[in-house]
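Commentary on secondary and tertiary structure
Residues per chain, in single letters:
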Amino acid sequence: MKFLAFLLIGIFVWLTVGGWPEISAKAKPARFLVVVEPSQPVNGSPVLFRVKTDQMLKSLTGVWLGHRVAFNFDSSNGEWYGFAGVDLATKAGRHALQLEGALTTSGRSNSTEFVTVRKASYPSSRLRVARKFLDPDAETLERIKEEQAIKREVFRRVSSNRLWNGDFVAPVNNIVTEPFGVRRVFNGKLQSTHQGLDFRAALGTPVNAMNSGEVILAREMFFEGGMVVVDHGQGLLTMYLHLSEIKTKEGNRVGKGQEIALSGATGRVTSEHLHVAIRWLGTYLDPATLLTMKLP
Ligand SMILES: [Zn+2]
(Lines give C-alpha, C1' and ligand atoms only; values in the text may rest on other atoms or scores of the structure.)
Protein backbone atom coordinates (compact mmCIF):
# COMPACT_ATOMS: atom_id res chain seq x y z
CA MET A 1 0.00 0.00 0.00
CA LYS A 2 2.76 2.42 1.06
CA PHE A 3 4.74 1.47 -2.03
CA LEU A 4 1.75 2.25 -4.24
CA ALA A 5 1.38 5.70 -2.65
CA PHE A 6 5.08 6.47 -3.27
CA LEU A 7 4.75 5.25 -6.83
CA LEU A 8 1.74 7.51 -7.46
CA ILE A 9 3.51 10.52 -5.92
CA GLY A 10 6.53 9.67 -8.02
CA ILE A 11 4.52 9.57 -11.22
CA PHE A 12 2.82 12.84 -10.25
CA VAL A 13 6.18 14.60 -9.69
CA TRP A 14 7.49 13.15 -12.94
CA LEU A 15 4.52 14.56 -14.85
CA THR A 16 4.46 18.02 -13.23
CA VAL A 17 8.20 18.70 -13.00
CA GLY A 18 9.01 16.96 -16.29
CA GLY A 19 11.50 14.54 -14.79
CA TRP A 20 12.99 13.72 -11.41
CA PRO A 21 13.90 16.91 -9.52
CA GLU A 22 17.65 17.51 -9.33
CA ILE A 23 18.08 17.23 -5.61
CA SER A 24 21.82 18.05 -5.73
CA ALA A 25 21.35 21.36 -7.63
CA LYS A 26 18.62 22.46 -5.27
CA ALA A 27 20.52 21.49 -2.16
CA LYS A 28 23.57 23.55 -3.10
CA PRO A 29 22.88 27.25 -3.58
CA ALA A 30 25.25 29.29 -5.75
CA ARG A 31 27.79 31.50 -4.03
CA PHE A 32 28.04 35.13 -5.18
CA LEU A 33 31.18 37.26 -5.18
CA VAL A 34 30.36 40.95 -5.69
CA VAL A 35 32.79 43.74 -6.58
CA VAL A 36 31.55 47.34 -6.54
CA GLU A 37 32.98 50.12 -8.69
CA PRO A 38 33.83 52.76 -7.51
CA SER A 39 34.88 50.83 -4.39
CA GLN A 40 33.55 53.57 -2.09
CA PRO A 41 30.41 55.00 -3.71
CA VAL A 42 28.85 58.23 -2.38
CA ASN A 43 25.33 59.65 -2.77
CA GLY A 44 25.21 60.75 -6.42
CA SER A 45 27.64 58.03 -7.66
CA PRO A 46 27.02 55.81 -10.62
CA VAL A 47 28.00 52.25 -9.64
CA LEU A 48 28.87 49.10 -11.49
CA PHE A 49 28.23 45.76 -9.78
CA ARG A 50 30.40 42.89 -11.01
CA VAL A 51 29.21 39.48 -9.92
CA LYS A 52 30.94 36.10 -10.10
CA THR A 53 29.23 32.88 -9.14
CA ASP A 54 30.50 29.34 -8.51
CA GLN A 55 27.66 27.88 -10.60
CA MET A 56 26.60 28.78 -14.12
CA LEU A 57 23.62 31.14 -14.33
CA LYS A 58 21.08 31.61 -17.11
CA SER A 59 20.17 35.08 -15.88
CA LEU A 60 20.77 37.43 -12.99
CA THR A 61 18.67 40.30 -11.65
CA GLY A 62 19.16 42.61 -8.71
CA VAL A 63 17.27 45.05 -6.54
CA TRP A 64 19.19 48.08 -5.26
CA LEU A 65 17.71 51.09 -3.44
CA GLY A 66 14.25 50.18 -4.71
CA HIS A 67 15.31 49.85 -8.36
CA ARG A 68 15.61 46.75 -10.48
CA VAL A 69 19.15 46.28 -11.79
CA ALA A 70 19.58 44.53 -15.16
CA PHE A 71 22.69 42.31 -15.40
CA ASN A 72 24.56 41.33 -18.57
CA PHE A 73 27.04 38.50 -18.96
CA ASP A 74 30.61 39.23 -20.01
CA SER A 75 31.82 36.02 -21.65
CA SER A 76 35.42 37.33 -21.80
CA ASN A 77 35.83 36.95 -18.02
CA GLY A 78 32.72 35.01 -16.94
CA GLU A 79 31.36 37.94 -14.92
CA TRP A 80 27.89 39.43 -14.73
CA TYR A 81 27.73 43.21 -14.60
CA GLY A 82 24.93 45.63 -13.82
CA PHE A 83 24.88 49.42 -13.99
CA ALA A 84 23.13 51.29 -11.18
CA GLY A 85 23.34 54.49 -9.21
CA VAL A 86 23.01 56.03 -5.77
CA ASP A 87 20.41 58.82 -5.52
CA LEU A 88 21.65 62.16 -4.12
CA ALA A 89 19.12 61.79 -1.27
CA THR A 90 20.47 58.36 -0.19
CA LYS A 91 21.69 58.35 3.42
CA ALA A 92 25.21 57.18 4.20
CA GLY A 93 25.40 53.64 5.55
CA ARG A 94 25.11 50.05 4.44
CA HIS A 95 22.53 49.33 1.73
CA ALA A 96 21.39 45.93 0.50
CA LEU A 97 21.92 44.65 -3.02
CA GLN A 98 19.58 41.70 -3.46
CA LEU A 99 20.58 39.26 -6.17
CA GLU A 100 18.60 36.46 -7.73
CA GLY A 101 20.13 34.14 -10.28
CA ALA A 102 18.52 31.41 -12.38
CA LEU A 103 20.85 28.40 -12.41
CA THR A 104 21.50 26.62 -15.71
CA THR A 105 20.93 23.30 -13.93
CA SER A 106 17.46 24.42 -12.69
CA GLY A 107 16.35 26.30 -9.63
CA ARG A 108 17.26 29.75 -8.38
CA SER A 109 19.80 31.13 -5.95
CA ASN A 110 19.52 34.31 -3.89
CA SER A 111 22.03 36.45 -2.09
CA THR A 112 22.01 39.75 -0.22
CA GLU A 113 25.21 41.79 -0.29
CA PHE A 114 25.70 44.97 1.72
CA VAL A 115 27.36 47.95 0.07
CA THR A 116 28.62 50.92 2.09
CA VAL A 117 27.60 54.33 0.74
CA ARG A 118 29.51 57.34 2.09
CA LYS A 119 28.25 60.91 2.26
CA ALA A 120 29.62 63.21 -0.45
CA SER A 121 30.60 66.76 0.42
CA TYR A 122 29.21 68.95 -2.35
CA PRO A 123 29.97 72.72 -2.33
CA SER A 124 27.51 75.59 -2.83
CA SER A 125 27.50 78.53 -5.27
CA ARG A 126 25.50 81.71 -6.03
CA LEU A 127 24.60 82.87 -9.52
CA ARG A 128 22.40 85.29 -11.42
CA VAL A 129 20.10 84.49 -14.37
CA ALA A 130 17.51 86.56 -16.32
CA ARG A 131 14.36 87.30 -14.26
CA LYS A 132 12.05 85.44 -16.68
CA PHE A 133 13.57 82.14 -15.50
CA LEU A 134 12.60 82.78 -11.87
CA ASP A 135 9.32 84.56 -12.46
CA PRO A 136 7.86 83.23 -15.76
CA ASP A 137 4.66 84.86 -17.19
CA ALA A 138 1.42 82.90 -17.77
CA GLU A 139 2.27 82.00 -21.38
CA THR A 140 5.70 80.72 -20.37
CA LEU A 141 4.21 78.74 -17.48
CA GLU A 142 1.98 76.99 -20.01
CA ARG A 143 5.05 76.15 -22.12
CA ILE A 144 6.93 74.89 -19.04
CA LYS A 145 3.98 72.62 -18.19
CA GLU A 146 3.90 71.16 -21.71
CA GLU A 147 7.64 70.56 -21.67
CA GLN A 148 7.43 68.86 -18.28
CA ALA A 149 4.88 66.44 -19.79
CA ILE A 150 7.23 65.73 -22.74
CA LYS A 151 10.13 65.04 -20.36
CA ARG A 152 8.00 62.81 -18.13
CA GLU A 153 7.11 60.75 -21.19
CA VAL A 154 10.75 60.52 -22.34
CA PHE A 155 12.11 59.73 -18.87
CA ARG A 156 9.59 56.95 -18.35
CA ARG A 157 11.16 55.04 -21.17
CA VAL A 158 13.32 52.05 -20.25
CA SER A 159 14.64 50.02 -23.19
CA SER A 160 15.36 46.51 -22.03
CA ASN A 161 18.46 46.14 -24.23
CA ARG A 162 21.81 47.60 -23.29
CA LEU A 163 22.84 50.02 -26.04
CA TRP A 164 26.01 51.38 -24.39
CA ASN A 165 29.31 49.60 -24.76
CA GLY A 166 32.52 50.11 -22.81
CA ASP A 167 33.72 53.34 -21.18
CA PHE A 168 31.82 56.61 -21.53
CA VAL A 169 33.74 59.42 -23.25
CA ALA A 170 33.69 63.16 -22.50
CA PRO A 171 31.27 65.11 -24.77
CA VAL A 172 33.89 67.87 -25.29
CA ASN A 173 37.62 67.93 -24.56
CA ASN A 174 37.49 70.89 -22.16
CA ILE A 175 37.81 71.58 -18.46
CA VAL A 176 34.92 71.25 -16.03
CA THR A 177 33.70 74.64 -14.79
CA GLU A 178 31.14 73.44 -12.26
CA PRO A 179 30.93 69.96 -10.71
CA PHE A 180 27.86 67.85 -9.99
CA GLY A 181 25.99 68.23 -6.70
CA VAL A 182 26.68 71.95 -6.08
CA ARG A 183 23.88 73.55 -4.04
CA ARG A 184 22.96 76.67 -6.02
CA VAL A 185 21.18 79.86 -5.12
CA PHE A 186 19.80 81.74 -8.15
CA ASN A 187 19.48 85.54 -7.76
CA GLY A 188 19.61 85.18 -3.99
CA LYS A 189 16.39 83.14 -3.72
CA LEU A 190 15.77 80.01 -5.83
CA GLN A 191 17.62 77.06 -4.43
CA SER A 192 18.43 73.96 -6.43
CA THR A 193 21.07 71.30 -6.81
CA HIS A 194 23.32 71.14 -9.85
CA GLN A 195 22.35 67.75 -11.25
CA GLY A 196 24.95 67.61 -13.99
CA LEU A 197 28.43 68.66 -14.99
CA ASP A 198 29.37 71.92 -16.73
CA PHE A 199 32.15 71.97 -19.30
CA ARG A 200 33.75 75.09 -20.67
CA ALA A 201 32.58 75.31 -24.29
CA ALA A 202 32.91 78.31 -26.59
CA LEU A 203 29.82 78.91 -28.72
CA GLY A 204 29.66 76.30 -31.51
CA THR A 205 31.93 73.66 -29.95
CA PRO A 206 31.06 70.20 -31.36
CA VAL A 207 29.29 68.04 -28.74
CA ASN A 208 29.73 64.25 -28.99
CA ALA A 209 27.54 61.41 -27.70
CA MET A 210 29.14 59.94 -24.55
CA ASN A 211 28.28 56.40 -25.62
CA SER A 212 26.21 54.63 -28.25
CA GLY A 213 22.43 54.79 -28.00
CA GLU A 214 19.22 56.14 -29.45
CA VAL A 215 18.22 59.83 -29.52
CA ILE A 216 14.86 60.07 -27.71
CA LEU A 217 14.62 63.87 -27.41
CA ALA A 218 16.11 66.58 -29.62
CA ARG A 219 14.37 69.97 -29.35
CA GLU A 220 14.27 73.48 -27.89
CA MET A 221 13.12 73.73 -24.27
CA PHE A 222 12.54 76.78 -22.04
CA PHE A 223 14.96 76.00 -19.18
CA GLU A 224 17.28 73.57 -20.97
CA GLY A 225 17.52 75.47 -24.27
CA GLY A 226 18.61 73.24 -27.15
CA MET A 227 18.46 69.76 -25.60
CA VAL A 228 19.39 66.24 -26.68
CA VAL A 229 18.67 63.08 -24.65
CA VAL A 230 20.34 59.79 -25.62
CA ASP A 231 18.92 56.49 -24.35
CA HIS A 232 21.69 53.96 -23.62
CA GLY A 233 19.27 51.20 -22.57
CA GLN A 234 18.33 49.57 -19.25
CA GLY A 235 17.30 52.92 -17.75
CA LEU A 236 20.49 54.87 -18.49
CA LEU A 237 20.23 58.24 -20.29
CA THR A 238 22.69 61.06 -21.07
CA MET A 239 21.47 64.64 -21.58
CA TYR A 240 23.13 67.58 -23.32
CA LEU A 241 21.82 71.11 -22.62
CA HIS A 242 22.00 74.77 -23.74
CA LEU A 243 22.92 73.74 -27.32
CA SER A 244 23.04 76.32 -30.11
CA GLU A 245 22.42 73.77 -32.84
CA ILE A 246 21.09 70.20 -32.79
CA LYS A 247 22.62 67.89 -35.40
CA THR A 248 20.55 64.77 -34.84
CA LYS A 249 16.88 63.75 -34.73
CA GLU A 250 14.61 61.87 -32.34
CA GLY A 251 14.74 58.18 -33.30
CA ASN A 252 18.33 58.30 -34.64
CA ARG A 253 20.89 55.74 -33.53
CA VAL A 254 24.19 57.39 -32.56
CA GLY A 255 27.63 55.93 -32.00
CA LYS A 256 30.03 56.69 -29.15
CA GLY A 257 31.85 59.97 -29.86
CA GLN A 258 29.52 60.90 -32.73
CA GLU A 259 28.83 64.63 -33.11
CA ILE A 260 25.20 65.33 -32.14
CA ALA A 261 25.13 69.12 -31.58
CA LEU A 262 26.99 72.39 -31.18
CA SER A 263 27.27 73.94 -27.72
CA GLY A 264 25.65 77.27 -26.90
CA ALA A 265 24.06 79.50 -24.27
CA THR A 266 20.34 78.78 -24.72
CA GLY A 267 17.86 78.34 -21.84
CA ARG A 268 18.55 79.22 -18.20
CA VAL A 269 22.28 80.00 -18.29
CA THR A 270 24.66 82.67 -17.08
CA SER A 271 26.99 82.23 -20.05
CA GLU A 272 27.91 79.78 -22.80
CA HIS A 273 28.87 76.30 -21.62
CA LEU A 274 27.83 72.66 -22.02
CA HIS A 275 25.78 71.02 -19.27
CA VAL A 276 25.63 67.22 -19.36
CA ALA A 277 23.56 65.01 -17.09
CA ILE A 278 23.36 61.27 -16.45
CA ARG A 279 20.05 59.78 -15.44
CA TRP A 280 19.47 56.22 -14.28
CA LEU A 281 15.86 55.18 -13.50
CA GLY A 282 14.89 58.66 -12.31
CA THR A 283 18.13 59.36 -10.46
CA TYR A 284 20.68 61.98 -11.52
CA LEU A 285 24.28 60.78 -11.18
CA ASP A 286 27.70 62.41 -11.27
CA PRO A 287 28.99 62.34 -14.88
CA ALA A 288 32.56 62.98 -13.65
CA THR A 289 32.55 59.65 -11.80
CA LEU A 290 31.09 57.85 -14.81
CA LEU A 291 33.91 59.23 -16.98
CA THR A 292 36.54 57.65 -14.68
CA MET A 293 34.92 54.19 -14.62
CA LYS A 294 36.30 51.20 -16.55
CA LEU A 295 33.24 49.56 -18.08
CA PRO A 296 32.85 46.26 -19.94
ZN1 LIG B 1 25.08 72.77 -15.45
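Residues numbered from 1 in each chain as written. Predicted model: local features only at pLDDT ≥ 70, side-chain atom pairs only at ≥ 80, totals over all residues. Heavy atoms only, no water.

In this structure the tally under the stated criterion is nine aromatic pairs. On the basis of an interplanar angle of 55° and a centroid distance of 5.0 Å, the ring pair of Phe73 and Trp80 is categorised as tilted. Residue Trp80 is classed as buried on the basis of its relative accessible area, which comes to 7%. When the ring of Phe83 is compared with that of Trp164, the centres are 6.3 Å apart and the planes differ by 65°; the resulting orientation is edge-to-face. A residue pair is termed long-range when its members are at least 10 positions apart, and Phe83 in strand β5 (residues 79–85) and Trp164 in the loop between α3 (138–155) and β9 (176–178) qualify at 81 residues. One exposure class covers both Phe83 and Trp164, and it is buried. Feature note: the residues Tyr81, Phe83, Trp164 and Phe168 constitute an aromatic cluster, connected by ring pairs. (Phe/Tyr/Trp six-rings, centres within 6.5 Å; stacked < 30°, edge-to-face > 60°. Buried < 20%, exposed > 50% of the residue type's maximum accessible area, 1.4 Å probe, protein only. Helix = DSSP H or I, 4+ residues; strand = E, 2+ residues; numbered from the N terminus.)

Let's shift gears to the pattern of salt bridges. Counted under the stated rule, the structure contains 14 salt bridges. For Arg50, the salt bridge identified is with Glu37, shortest N-O distance 3.1 Å. In this pair, Arg50 sits in strand β2 (residues 46–53) while Glu37 sits in strand β1 (residues 32–37), placing the two residues 13 residues apart along the sequence. Its relative accessible area of 21% is what places Glu37 among the partly exposed residues. (Salt bridge = Lys/Arg side-chain N within 4 Å of Asp/Glu carboxyl O.)

Put simply, a metal with four donors set out as a tetrahedron has ideal angles of 109.5 degrees, and one with six donors set out as an octahedron has ideal angles of 90 or 180 degrees. Donor atoms from the polypeptide that bind the zinc ion are His194 (NE2), Asp198 (OD) and His275 (ND1), placed at 1.9 to 2.1 Å. For the zinc ion, the single-chain donor residues occur in sequence as H-x3-D-x76-H. With a gap of 81 residues between them, His194 in the loop between β11 (190–193) and β12 (197–199) and His275 in strand β19 (residues 274–280) connect regions that are remote in the sequence. The pair formed by His194 and His275 is uniform in burial state, with each residue classed as buried. (Donors = N, O, S within 2.8 Å, 3.2 Å for Na, K, Ca; no water.)

All right, on to the sheet that holds strand β7 (residues 108–117) then. As a general point, the strands of a sheet are linked pairwise by backbone hydrogen bonds and lie either parallel or antiparallel. One open sheet accounts for seven strands, arranged β1-β2-β5-β4-β3-β6-β7; its pairing is antiparallel. Both edges of this open sheet fall to β1 and β7, since each of them pairs with a single strand only. With direction set aside, neighbouring strand axes in the sheet form an average angle of 25°. Direction of pairing for strand β3 (residues 57–64) relative to strand β4 (residues 67–74): antiparallel, over a ladder of four bridges. Paired with Gly62 across the bridge in β4 is Val69. (Pairing = 2+ DSSP bridges. Axes fitted to C-alpha atoms, helices over the stretch in contact; angles between N-to-C directions.)

One open sheet accounts for three strands, arranged β8-β10-β11; its pairing is mixed. Looking at the sheet topology across the chains shown, the edges are occupied by β8 (124–127) and β11. Within the sheet, the average angular offset between the axes of one strand and its neighbour, ignoring direction, is 25°. With four bridges joining them, β8 and strand β10 (residues 183–186) adopt parallel strand pairing. Looking across to β10, one finds that Leu127 is bridged to Phe186.

The subject of this paragraph is the environment of Ala70. Within the secondary structure, Ala70 is located in strand β4. C-alpha of Ala70 to C-alpha of Trp80: the two residues are 10 residues apart in sequence and 9.8 Å apart in space. Not counting residues within four places of it along the chain, the set of residues in contact with Ala70 comprises Tyr81, Gly82, Phe83 and Gln234. (Contact = heavy atoms within 4.5 Å.)

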